[in-house]
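# Results of the structural survey
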Amino acid sequence: MDLDAGDSPWGDVPSQSPPTHTAPETDTQETSPDQPTQPASSNNASRSPVRRGPRGTRRINAQATKLEAVDDSFDPLGPLGDKATESSPNEQAPTPPQKEAFGARGVRPTSSASQASSSAALGESVNLEEDGAGFRGPPPVQPPSDAEGSKRQSEPSISVEKAANPTFDITVGDPHKVGDLTSSHIVYQVRTKTTSKAYRQPEFTVSRRYRDFLWLYNSMHNNNPGVVVPPPPEKQAVGRFDTNFVESRRAALERMLNKIAAHPILQHDGDLKIFLESDTFNLDVKNKENREPDLGQSKGMFSSFGINVGGGGKFVEHDDWFHDRKIYLDALENQLKALLKSVDSVVAQRKGLAEAAGDFSASIHALAAVELSPALSAPLEGLSDLQLRIRELYERQAQQDVLTLGITIDEYLRLIGSVKTAFTQRQKAFHSWHAAEAELQKRKHTQEKLLRQGKTQQDRLTQINADVADAERKSHQARLLFEDMGRLMRNELQRFEKEKVEDFKSGVETFLESAVEAQKELIELWETFLMQLDAGEEGNLLYGAPGAGDAPTESVPETASTETAEEA
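All residue numbers refer to position in the chain's written sequence, counted from 1. Restriction of local features to residues with pLDDT of at least 70 applies here, the model being predicted, together with a cutoff of 80 or more for giving and counting side-chain atom pairs; totals for whole chains, interfaces and linings are based on all residues. Side-chain numbers here rest on the full set of heavy atoms in the structure, without hydrogens or water.

## Some words on the sheet that holds strand 4 (residues 185-194)
- A pair of strands is labelled paired if DSSP reports no fewer than 2 bridges between them. Runs of E in the DSSP output that reach at least two residues are strands. Runs of H or I that reach at least four are helices, and both are numbered from the N terminus. Sheet architecture is open: 3 strands sit in the order 3-4-5, paired in antiparallel fashion. The open sheet has two free edges, formed respectively by strand 3 (168-178) and strand 5 (203-209), since each of these has just one partner strand. On average, each strand axis in the sheet is inclined to that of its neighbour by 20 degrees, with strand direction left out of account.
- Looking at chain direction, strand 4 and strand 5 are connected through 7 bridges and run antiparallel. For helices, the axis comes from a line fit to the C-alpha atoms of the stretch in contact; other axes are also lines fit to C-alpha atoms, and the angle between any two N-to-C directions lies between 0 and 180 degrees.

If you want it as structure tokens, here you go:
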């Protein structure tokens, strides 16, 4: 009984070895399962208590061979032998790139077994289907990710460059009158083409009236103190529906929007986006004013720092550069006003010539109507038509003078007003800085007074210390704002000078070209009239009514017919 009881645990070990031998023999039949069979047959030949030591070692060897069989990638594991033998050779070929990366970085040699089990579990969860070429695995992941990664690396650099310098092409057109007699006004169609990523679409169109342009100008000044904002044309109560005035205002509004959109600071303003893109403009403006009521009071950036913006006392400019700029702008404004007055005189003169040509044409037409001689009435009628065309040319030239040189002068007169507004904002910043400095000195004086009183005023001393720190912060912010505004205005005035030269050069060139073209057209009209007069003197009447011209042409054949009759 003792031997049977003692043999029972040792007898279990050989009973487990045959399954380990039979499983590889039926599936793979390799040499690795044969190695443990030889020591097993030699140990079973005789039994003794001394042999129990080697039996223990045999058991360890059996376990080692079992681990080697598991490490073999072609050996099945457990009850999944049939599925593993079919799937393991085919699953290794289309191994996903993530598994290859983990295998390359794996430091444990037994990770292949866990990978095989995970791949088998993945295969069952994905439900791989077998077709003619084998098992169809998941689509490759790595090549598309590389392509997408390269796109992500290349596209943002281009988009960042475009976003840093977006382009705008804004046209203001289709002015039409809407409303009744009491609320009539002109509405313009604002069409925008842009490469900026801040807008929903690259092209869009909205309807705006004049007061919307005026709101944009005021909000730009409030949001960007120190920046020279291109202004809209001024209001006009009389003749605001005249065709020439509407056209000149449309051109001025278009120039204003394009200059704002070309400005490196103003083009990123949120109010410009609302103006150009919003379909519910009035509602968005009302919501913005409700969220930011201070902006409606022309405080803007100053109120965000907690700085009181006031006129203060009389401002004395201590910076020589700004002092010289201010004197220059005053002189430039006076010269531009004189030039605009001269251009208005030239335009009025051209309109007077056009009116005189019209009156002259009417008089000549009346004379041609009562003249009995067709040889004189026909050239008179031609001269009347010529004067009508000359009147149209003078009117067109007058309008062209307004739209070329006149609108440029008027624009820069309004721009000088914007520059002066920026100067005023700088003066307010200066007064705010000095007001903050005065408040700081006042609180420091109170602090020193409390310090001399000792510990009896400890509570008030703590409060005044906090007030002094707050006053120092506001004074520092006001000084920085004043200095930053000064640097910004220097850049803005340099930009103003550069654009002024370019715009006036372009305006004068266009003015001269239009004048030359008008004179060429006038000379061509007179030369054509003279050629027609010469042709009329030679007998080829080119003027006159059909009745007047038919008489001579009919008389010639009559005389010819009589002469032929007499000869016959």
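This is not the end of the story, as more comes after the structure.
## A word on the pattern of salt bridges
- Every case where a carboxyl oxygen of Asp or Glu lies within 4 Å of a side-chain nitrogen of Lys or Arg is listed as a salt bridge. In this structure the tally under the stated criterion is 25 salt bridges.
- Linking Glu-483 and Arg-479 is a salt bridge whose minimum nitrogen-to-oxygen distance equals 3.1 Å. Taken as a pair, Glu-483 and Arg-479 lie in helix 15 (residues 458-537) at a separation of 4 residues, close to a single helical turn.
- Each residue is assigned to one of three classes by its accessible area relative to the maximum for its type, calculated with a 1.4 Å probe on protein chains only: buried under 20%, partly exposed between the two thresholds, exposed over 50%. Given the relative accessible area of 30%, Glu-483 is considered partly exposed.
- The partly exposed category is assigned to Arg-479, whose relative accessible area is 27%.
- When salt bridges with common partners are traced through the structure, they connect Lys-326, Asp-330, Glu-333, Lys-337 and Lys-420 into a single cluster.

## Section: the nonpolar core
- The definition of a nonpolar core used throughout is a set of buried Ala, Val, Leu, Ile, Met, Phe, Trp, Tyr and Cys residues joined through side-chain atoms within 4.5 Å. Leu-329, Leu-336, Ile-409, Val-419, Phe-423 and Phe-496 are the most contacted members of the largest nonpolar core, which has 32 residues in total.
- Counting only elements with at least two residues in this core, the list comes to helix 13 (320-370), helix 14 (374-453) and helix 15.
- At 14 residues, the largest contribution of residues to this core is made by helix 14.
- In what follows, a contact means two residues having at least one pair of non-hydrogen atoms within 4.5 Å. Ignoring anything within four residues of it in the chain, the contact list for Leu-336 reads Ile-409, Tyr-412, Leu-413, Ile-416 and Phe-504.
- Counting 29 residues, the second largest nonpolar core, distinct from the first, contains Val-190, Leu-253, Leu-276 and Phe-281.

## A closer look at the pairing of strand 4
- When you tally the buried positions in strand 4, you get 8 out of 10 residues, the bulk of the element.
- Pairing of strand 3 with strand 4, which is carried by 9 bridges, proceeds in the antiparallel orientation. Paired with Ile-170 across the strands is Thr-192, a residue of strand 4.
- Count of turn residues in the strand 3/strand 4 antiparallel hairpin: 6 residues, of which Gly-179 carries a positive phi of about 95 degrees.

## What about the packing of aromatic side chains?
- Within 6.5 Å between ring centres, the rings of Phe, Tyr and Trp (the latter by its six-membered ring) count as paired, and their orientation is classed by plane angle as stacked under 30 degrees, edge-to-face over 60, tilted in between. Applying the stated criterion across every chain, the model contains 14 aromatic pairs.
- Cation over ring: Lys-177 sits above Phe-241, and NZ or CZ is 4.3 Å from the ring centre. Whether a charge lies above a ring is judged from NZ of Lys or CZ of Arg, which has to be within 6 Å of the ring centre and within 35 degrees of the ring normal.

## Comments concerning the packing of helix 9 (residues 243-262) against helix 14
- Closest axis-to-axis distance for the helix 9/helix 14 pair is 10 Å, and the angle between their directions is 50 degrees. Taken together, the axes of helix 9 and helix 14 lie oblique to each other. As for the relative orientation of helix 9 and helix 14, their crossing is right-handed in sense. On helix 14, the residues that touch Asn-244, Glu-247, Ser-248, Ala-251, Ala-252, Arg-255 and Lys-259 of helix 9 are Gln-399, Leu-403, Ile-407, Thr-408, Glu-411, Tyr-412 and Arg-414.
- Classifying every residue of the contact of helix 9 with helix 14 by side-chain character gives 5 nonpolar, 4 polar and 5 charged. Relative orientations are named as follows: roughly parallel for angles under 35 degrees, roughly antiparallel for angles over 145 degrees, roughly perpendicular for angles from 65 to 115 degrees, and oblique for any other angle. Note on convention: near helix rotated counterclockwise from far helix by under a right angle means a left-handed crossing. Clockwise means right-handed. Each residue gets one label: Ala, Val, Leu, Ile, Met, Phe, Trp, Tyr, Cys and Pro are nonpolar, Asp, Glu, Lys and Arg are charged, and the others, such as Gly, are polar.

## Quick word on unusual backbone geometry
- Of note in the backbone geometry, Asp-174 takes a positive phi value of approximately 55 degrees without being a glycine.
- Position of Asp-174 relative to the elements: it lies in strand 3.
- Residue classification places Asp-174 among the partly exposed residues on the basis of a relative accessible area of 44%.

## Let's talk about the environment of Ala-356
- By the element assignment, Ala-356 lies in helix 13.
- Distance from Ala-356 to Arg-391, taken between C-alpha atoms, is 7.9 Å for residues 35 residues apart in sequence.

## A closer look at helix 14
- The first and last C-alpha atoms of helix 14 sit 116 Å apart over 80 residues, in line with the 118 Å expected at 1.5 Å per residue.
- Bend at a given residue is defined as the angle between two axes, one fitted to the seven residues that end at that position and one fitted to the seven that begin there. Maximum bend of helix 14: about 45 degrees, positioned at Gly-406. A helix is expected to span 1.5 Å for every residue after the first.

## Let's talk about the side chain of Asp-401
- As for its position among the elements, Asp-401 is in helix 14.
- Aside from chain neighbours lying at most four places away, what touches Asp-401 is Val-346, Val-347, Arg-350, Gly-406, Phe-511 and Ser-514.

## Side note on the packing of helix 10 (residues 270-277) against helix 11 (residues 281-291)
- Contact geometry of helix 10 with helix 11 gives a least axis separation of 9 Å together with a crossing angle of 155 degrees. On the basis of their axis angle, the class for helix 10 and helix 11 is roughly antiparallel. Helix-helix and strand crossings are classified by hand; for helix 10 and helix 11 the assignment is right-handed. Along the contact surface, helix 10 presents Asp-271, Ile-274 and Phe-275, while helix 11 presents Phe-281, Asp-284 and Lys-288.
- When its residues are assigned to classes, the contact of helix 10 with helix 11 shows 3 nonpolar, no polar and 3 charged.

Taken by themselves, the reported measurements are silent on function.
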